[in-house]
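# Survey of secondary and tertiary structure
What follows is each chain in one-letter form.
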Amino acid sequence: MENSEKSPPFIVVAILVALLAIGIGYFYLNQNKDESGERDKITLQLKWVEQAQFAGFLVADAKGFYEDENIDIEIKPGGVGINPVDVLITDEADIAVAWTGNVLPAISNGEDLVNIGQGMQRSAMRMMAKKSSGVSSPADLAGKKIGTWPGGNELEPYAFIEKQGLDKDRDVTLVSQGFDMNQLLNDEIDLASAMIYNEYWLPLEAGYPESDFTVFDMEEEGAGMLQDGLFVRRKFLEDNEDLLVRFLKASMKGWDYAIAHQEEAVDLMGIDFAENDVTARDHQMLSMKEVAKLYAADDALEKGLFYINKDKLDQTVEIAQTYVDEVGEIDIDKIYTTTVWEKAVEGMEFANYEESLN
Amino acid sequence: MGIITIKKLDNHQTLKTLIISCSVFSFIILVWELAVYFTNASRIVIVPPSEIYPVIFKNQDILLKELIFTFEEVLAGWSTGSLIAIVLAIFIHPFRRLSQIFIGVSVGINAIPLIALAAILGGIVGTGQTGKAIIVALLCFFPMFISCLKSFTHINLKERNLLQTYSASYFQQFTKLIFPSSLPLILTTLKVNIIVAIFAGVVSEFFGAHGGIGNLILAKKGLYDLPMVWAAIFYIIVAGSICYFSVELAYKLMVPWRK
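Residues numbered from 1 in each chain as written. Chains lettered and ligands numbered in written order. Predicted model: local features only at pLDDT ≥ 70, side-chain atom pairs only at ≥ 80, totals over all residues. Heavy atoms only, no water.

### What about the interface of chain A and chain B?
With 27 residues of chain A at the interface, the matching set in chain B holds 22 residues. Taken over both partners, the interface formed by chain A and chain B buries close to 1,900 Å², and the fraction arising from carbon and sulfur atoms is 47%. Counting across the interface, chain A meets chain B through four salt bridges. Asp169(A) is the salt-bridge partner of Lys220(B), the closest N and O atoms lying 3.4 Å from each other. Connecting chain A to chain B are 14 residue pairs in polar contact (both at pLDDT 80 or more). Looking at the side of chain A that touches chain B, the elements with two or more residues in it are helix H5 (84-89), helix H6 (100-108), helix H7 (155-163) and strand S7 (173-176) of chain A. By residue number, the principal contributor to the side of chain A that touches chain B is S7(A), which donates four residues. Considering only residue class, the side of chain A that touches chain B consists of ten nonpolar, eight polar and nine charged. (Contact = heavy atoms within 4.5 Å. Buried area = accessible area lost by both parts, 1.4 Å probe. Salt bridge = Lys/Arg side-chain N within 4 Å of Asp/Glu carboxyl O. Polar contact = N/O pair within 3.5 Å; in protein donor to acceptor, adjacent residues only side chain to side chain. Helix = DSSP H or I, 4+ residues; strand = E, 2+ residues; numbered from the N terminus. Nonpolar A, V, L, I, M, F, W, Y, C, P; charged D, E, K, R; others polar.)

### Some details on unusual backbone geometry
Despite not being glycine, Phe306(A) has its phi angle at roughly 70°, a positive value. Its place among the elements puts Phe306(A) in the loop between helix H14 (298-303) and helix H15 (310-323). Its identity is not glycine, yet Asn40(B) carries a phi of approximately 55°, on the positive side. Here Asn40(B) lies in the loop between helix H1 (2-39) and helix H2 (49-58). A residue is classified by how much of its surface remains accessible, and Asn40(B), at 68% relative accessible area, is exposed. (Buried < 20%, exposed > 50% of the residue type's maximum accessible area, 1.4 Å probe, protein only.)

### Section: the pattern of salt bridges
With the rule as written, the count across this model stands at 26 salt bridges over all chains. One salt bridge connects Lys221(B) with Asp86(A), and the closest N-O pair in it is separated by 3.1 Å. Highlighted residues: Lys221(B) in helix H9 (residues 213-222) and Asp86(A) in helix H5, drawn from two different chains. Using a relative accessible area of 38% as the deciding quantity, one classes Lys221(B) as partly exposed. Judged by its relative accessible area of 22%, Asp86(A) falls in the partly exposed class. A salt bridge links Asp242(A) to Arg246(A); the shortest N-O distance between them is 3.3 Å. Of this pair, Asp242(A) and Arg246(A) both sit in helix H11 (residues 241-260), four residues apart, which is roughly one turn of that helix. Within this structure, Arg122(A), Glu219(A), Asp298(A) and Lys312(A) form a network of salt bridges that share partners.

All quantities given are derived from atomic positions and should not be read as evidence of function.
Rendered as C-alpha cells:
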C-alpha cells in the first residue's frame with residue numbers, strides 16, 4: 001500500500017518519457033536533415049574559424065558557385081581543439097583545408113590521405129621576437145621561451161629550432177601560445193608564432209613600431225612547409241572524383257573572385273565584424289590582402305590557382321622528415337594527385353590580379 | 001592473541017584486494033592490446049600498450065621534468081587553497097548566521113564547473129606556474145570551505161555542554177573538541193581535493209602553459225605521437241595515486257579512532 005502511494009502517477013512518467021523521446025528524436029533529425037534533395041552533398045572542414053584565410057570558399061558559397069556545380073556544400077569552421085586531420089579521418093568531413101605539416105605525421109602513421117589541390121603556395125608562418133629579448137639571429141634560440149600552437153601547427157617552429165642544432169624538448173622551453181600576441185608583448189615568451197595574414201599585424205595594430213621586432217620568415221629560414229592544402233581520404237577520392245573536380249572548379253572561381261574583388265569578398269564572408277580584434281573589418285581586409293598574395297603566387301599565377309608544386313611538396317616532406325622525429329617514412333607519390341586539379345582547371349579563366357595584388 | 005588474528009585477517013584481506021586489482025588491471029591491458037591487434041585500428045586513434053611501455057622508460061627525463069612542473073602547480077594550489085579555506089572557516093564559524101550564508105553561497109559556487117573558468121583566467125592570472133596554482137587553489141577552496149564550516153558548526157551539543165560545565169574557554173573547546181572531531185571530514189576533503197587539483201592542473205595547461213604534462217600531452221597529440229601521450233597519462237596516474245594514498249595514510253595516522 002505504502003509503496004503504491006509513493007510511486008509517481010503514471011501520467012507524469014509518461015510525459016517525462018515522451019519529452020525525452022522528443023528531445024532525442026529532435027537531436028538526431030537535426031543531425032541528418034536534408035534540405036537540398038537533388039544536389040550532391042559535400043562537407044568541407046576549415047583549418048580555423050571563418051576568416052579571410054578561407055575567403056574563396058566562403059565567397060564561392062555566398063555567390064552560389066557550388067550550387068552552379070550542383071553541389072550542396074557544408075562548410076564547417078575550425079577552432080581551438082579542432083584538428084582538420086582528425087575530422088577528416090573520423091569521416092566527419094569529406095575535404096579538409098589542412099596544413100601539410102599537420103597531415104604528414106598522420107600519413108607516416110599509416111593514414112591514406114591525398115592532396116588534391118594546394119591553396120597557399122608558400123608558408124605564411126613567421127616567428128617574431130622583440131628586439132629587447134636579445135634574439136637577432138636564429139643562432140640566439142638556445143634557452144629561449146618559444147611560443148607554438150600545439151595541435152598540428154608546430155612543425156615549422158620545431159624544424160626551425162632543430163635546424164639550429166637544438167633539441168626542441170631539451171634545449172628550449174616550448175610554450176603553448178594563445179591565438180593572440182599578448183604573451184610576446186608581456187615578455188612571457190621570447191619568440192612567438194605569427195601568421196603573416198593574422199597575428200603578425202596585431203602588435204602593429206596595437207601601436208608597436210615594426211622596428212621593435214625581429215621577424216623570421218620560415219620560408220627563408222628553410223623551415224617553411226605548405227599550408228592550406230585540400231586533403232581527402234583516398235577512398236573518397238576513388239568514389240567521388242567527379243564531385244571533387246566540380247568542388248575544386250567552384251572553389252577556384254570563388255578564390256579567383258575573392259582575389260580580384262578583395263573588399264567585396266571580405267563583406268561576402270558572412271562574419272559579424274567586431275570593433276577592434278581579429279574579427280574587425282580592417283583587420284580582415286589586411287588579412288585578405290596577404291592571403292591573396294599567398295594564393296596567387298609562384299607557379300599558381302601562370303598555371304592556375306590550387307596548383308600543386310611538386311618541388312615545394314618534396315621540400316615540405318624533406319624538412320619534416322629531417323627535423324621532426326615524429327614524421328617517419330613517406331612515399332611522396334602517394335600523398336598527392338594532380339588529376340583532380342587538371343580536370344578542374346580545364347577551361348577556367350582567371351582574372352588578371354596585377355592590380356589587386358599591390 | 002585476538003588482536004593478532006584480526007591483524008592477520010586484515011593483511012589477508014589487503015592481499016586479496018591487491019591480487020584482484022592487479023588481475024583486473026592486467027585483463028584490461030590484455031583486452032586493449034588484443035582489440036587493437038585484431039581491429040586494425042588507426043594508429044592515430046589508438047596504440048596498443050606494448051608500444052606505450054618502452055616509451056615510459058625511454059623518455060623518462062622529459063616526462064619527469066614536465067610531471068614535476070605540473071605537480072609543483074598542483075601541490076602548491078592544493079595546499080594553499082585548502083589552508084586558506086580552513087583558516088577562513090576557523091574565523092567565520094563562531095558567527096552562526098554568517099556561516100549559514102557562506103555555506104549557502106559556497107554550495108552554489110561549488111555547483112558551477114569552475115574549471116570552465118580556466119580558459120578565461122589565463123588572461124587574468126597569466127599562463128605561468130603561479131597562474132595555474134591559483135586556478136587549482138580556487139577549485140580546492142570551496143569544497144574545503146564548505147566541509148570546514150559545516151563540521152565546525154555541527155558539533156554534538158552534549159559534548160559541548162560538558163566542556164562548558166568545566167568552564168572551558170572557546171579556544172579550548174575548539175582545540176579539544178571542535179577541531180579534532182572535524183578532522184575526519186577535513187582529511188576526506190583533502191583526499192578528494194588532491195584528485196580535483198591534479199585534474200585542474202592538467203586541464204588548465206591545455207589553455208596555454210609554459211610547460212607541464214598537460215602541455216606535453218597537447219603537443220604530442222598534435223604530432224600523433226600517441227605512445228608519448230599515453231606515457232604521460234601513465235605518469236599522471238602513478239603520481240596521482242601516490243598523492244592520494246599519502247593523504248589516506250595521513251588520515252589513518254591522524255584519525256586512528258576512525259577506520
